[in-house]
Amino acid sequence: MSTEKTIVSRSLWAIIIGGMLTGMGNGSVFGAALMCLMGRGGFANWGGAGMDQFNPATFHGFIDWCMLVFGFAFIAILVIGLNRHDKIERQAAH
């Protein structure tokens with residue numbers, strides 16, 4: 001049995017940082033597209049101050065939550081992809 005570290009364990013921080021940066025960037029683009037589509041009319045409050053910026057019932061809070069969800073989704077995508085890549089590499093090495 002090999003004691004070599006997996007690709008995911010060797011690149012954990014790169015996965016977290018890269019996944020959150022990419023995902024949150026895409027979440028903010030999603031929010032901008034949503035604002036262009038519907039405006040702020042669907043939200044009673046902008047929510048840009050204090051803890052309202054994390055309340056999903058406000059526009060700003062909804063976009064912040066979209067960014068977080070997209071970020072964690074991209075982390076999951078990277079982990080799945082790198083695990084599969086690691087599995088293929090280990091099979092090719094044997």
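Every chain is numbered independently, its residues counted from 1 as its sequence is written. Restriction of local features to residues with pLDDT of at least 70 applies here, the model being predicted, together with a cutoff of 80 or more for giving and counting side-chain atom pairs; totals for whole chains, interfaces and linings are based on all residues. Computation of side-chain values covers all heavy atoms of the structure but excludes hydrogens and water.

## What about the overall build of the protein?
Along the protein, the regular secondary structure elements total 3 helices and 0 strands. Sequence-ordered secondary structure for the protein, helices as α and strands as β, is α-α-α. Between the two quantities, the radius of gyration covers C-alpha atoms and the globule rule is 2.2 Å times the number of residues to the power 0.38. For a compact globule of 94 residues, the expected C-alpha radius of gyration is about 12 Å, and the protein comes in at 19 Å, more than 25% above that figure. Taken over the C-alpha atoms alone, the protein extends approximately 60 × 25 × 15 Å along its principal axes. Here a residue-residue contact requires only that any non-hydrogen atoms of the pair lie within 4.5 Å. A separation threshold of at least 6 residues defines the contact pool for the protein, and within that pool the share at least 24 residues apart is 61%. For the accessible areas, the method is Shrake-Rupley and the probe is 1.4 Å, while residue cover comes only from the protein chains on display. About 6500 Å² of surface is accessible on the protein, with carbon and sulfur atoms providing 70% of the total. This count recognises Lys and Arg as positive and Asp and Glu as negative, with His and chain-terminal groups excluded. The atoms used to mark charge sites are NZ of Lys, CZ of Arg, CG of Asp and CD of Glu. For the protein, the separation between the mean place of its 6 positive charges and that of its 5 negative charges on side chains is 6 Å. Starting at the N terminus, helices and strands are each numbered in turn, a helix being any DSSP run of H or I of at least four residues and a strand any DSSP run of E of at least two.

## Quick look at the side chain of Thr58
With respect to the secondary-structure elements, Thr58 resides in the loop between helix 2 (12-38) and helix 3 (59-93). Only protein chains enter the accessibility calculation, which uses a 1.4 Å probe; a residue is then buried when its area is under 20% of its type maximum, exposed when over 50%, and partly exposed in between. Judged by its relative accessible area of 3%, Thr58 is buried. N or O atoms closer than or at 3.5 Å make up a polar contact, with two conditions inside protein: a donor-capable atom paired with an acceptor-capable one, and, for residues adjacent in sequence, both atoms drawn from side chains. Looking at Thr58, its side chain comes within polar contact range of the main-chain nitrogen of Gly61, at 3.1 Å. Once you skip the residues sitting within four places of it in the chain, Thr58 turns out to touch Phe43, Asn45, Trp46, Gly47 and Asp52.

## Topic: a nonpolar patch on the surface
On the surface, a nonpolar cluster with roughly 450 Å² of combined accessible area is contributed by Met51, Phe54, Trp65 and Val69. Residue placement: Trp65 occurs in helix 3. Note on patches: the residues involved have over 30% relative accessible area and no salt bridge, like charges join within 9 Å, and the nonpolar side chains Val, Leu, Ile, Met, Phe, Trp and Tyr join within 5 Å. Salt bridge, as applied in this entry: a Lys or Arg side-chain nitrogen positioned within 4 Å of an Asp or Glu carboxyl oxygen.

## Re the pattern of salt bridges
Pairing between side chains of opposite charge can happen when their charged atoms approach one another. Inspection of every chain in the model, using the stated rule, returns 1 salt bridge. Arg90 is the salt-bridge partner of Asp86, the closest N and O atoms lying 2.9 Å from each other. Of this pair, Asp86 and Arg90 are both found in helix 3, 4 residues apart, which corresponds to roughly one turn of the helix. Taking relative accessible area as the criterion, Asp86 reaches 8% and is therefore assigned buried. Given the relative accessible area of 25%, Arg90 is considered partly exposed.

## Points about the nonpolar core
Membership of the largest hydrophobic core is limited to 5 residues, which are Leu34, Phe43, Phe59, Ile63 and Met67. It is helix 3 that contributes the most residues to this core, 3 residues altogether. The definition of a nonpolar core used throughout is a set of buried Ala, Val, Leu, Ile, Met, Phe, Trp, Tyr and Cys residues joined through side-chain atoms within 4.5 Å.

## Some details on the confidence of the model for the protein
Predictor confidence is given residue by residue as pLDDT, running from a minimum of 0 to a maximum of 100. A residue-level look at the protein finds 95% of positions with pLDDT of 70 or above and a mean pLDDT of 88. When the elements of the protein are averaged for pLDDT, helix 2 gives the smallest value, 91, and helix 3 the largest, 93.

## Some points on helix 2
One less than the number of residues in a helix, times 1.5 Å, gives the span that helix is expected to have. Taking 1.5 Å of rise per residue, the 27 residues of helix 2 would be expected to cover 39 Å, and the 38 Å separating its terminal C-alpha atoms lies within 8% of that figure. Among the residues of helix 2, Ile15, Gly19, Met20, Gly23, Gly27, Gly31 and Leu34 are the ones counted as buried. Looking at the buried side of helix 2, the elements it contacts are helix 1 (7-10) and helix 3. At the C-terminal side of helix 2, Gly39 shows a positive phi close to 70°.

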